[in-house]
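What the coordinates show
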Amino acid sequence: MDEQVIAYLEYLSALKEITRPAMPHFDLSAYNDNEYKAAIDEILKDYEGVDDFSVTLRYLKGE
C-alpha cells in the first residue's frame, strides 16, 4: 500500500502547476446601478410592443 501512495505522490509532484492569466483591471466606479437600470429600461421599451407569447408559439411550430 505504501508503494502505491509513494508512486501517487511522485506522480502528483511531477504535474506542472497551471497558472491562470491575469484578469484585466476593470474600473468598478465607471458604472453605477442607476445606469444599468436605465439601460435595461431602454431595452424593455424597445420590445414593449412585441407579443412574446405568439412569437414563441410561432417559433416552436417552425413558422
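Our subject is the structure that appears above.
What comes next concerns the included structure. (Residues numbered from 1 in each chain as written. Predicted model: local features only at pLDDT ≥ 70, side-chain atom pairs only at ≥ 80, totals over all residues. Heavy atoms only, no water.)

**Section: the overall build of the protein chain**
Counted only if it meets this: Counting from the N terminus, the helices are DSSP H or I runs at least four residues long and the strands are E runs at least two residues long. As a reference, a globule follows 2.2 Å times the number of residues to the power 0.38, and the radius of gyration itself is taken over C-alpha atoms. Using a 1.4 Å probe on the protein chains alone, a residue whose accessible area is under 20% of its type maximum counts as buried, one over 50% counts as exposed, and one in between counts as partly exposed.
In terms of regular secondary structure, the protein chain is built from three helices and zero strands. When the elements of the protein chain are put in sequence order from the N terminus, they spell out α-α-α. The C-alpha atoms of the protein chain give a radius of gyration of 27 Å, which is well past the 11 Å a tight globule of 63 residues would have. Each principal axis of the C-alpha atoms in the protein chain carries an extent, and together these give about 70 × 45 × 15 Å. Across the 63 residues of the protein chain, 0% fall into the buried class.

**Some words on the environment of tyrosine 31**
Among the structural elements, tyrosine 31 can be located in the loop between helix 1 (2–14) and helix 2 (33–46). Classification of tyrosine 31 by relative accessible area gives exposed; the value is 55%.

**Points about the pattern of salt bridges**
The condition that has to hold: By convention in these notes, a salt bridge is any Lys or Arg side-chain nitrogen within 4 Å of a carboxyl oxygen on Asp or Glu.
Taken as a whole and assessed by the stated rule, the structure comprises one salt bridge. The closest approach of N and O atoms between lysine 45 and glutamate 42, which form a salt bridge, is 3.9 Å. Placement of the pair is lysine 45 and glutamate 42 together in helix 2, with a separation of three residues, close to one helical turn. Overall, the relative accessible area of 45% leaves glutamate 42 in the partly exposed class.

**Comments concerning a nonpolar patch on the surface**
We apply this condition: Two joining distances apply to patches: 9 Å for like charges and 5 Å for nonpolar side chains (Val, Leu, Ile, Met, Phe, Trp, Tyr), and every residue must have over 30% relative accessible area and no salt bridge. Per-residue and other accessible areas were derived by the Shrake-Rupley procedure at a 1.4 Å probe size, with only the shown protein chains allowed to occlude residues.
A cluster of nonpolar side chains, namely Met1, Val5, Tyr8, Leu9, Tyr11, Leu12 and Leu15, defines an oily patch on the protein surface of about 770 Å² accessible area. Within the fold, leucine 9 resides in helix 1.

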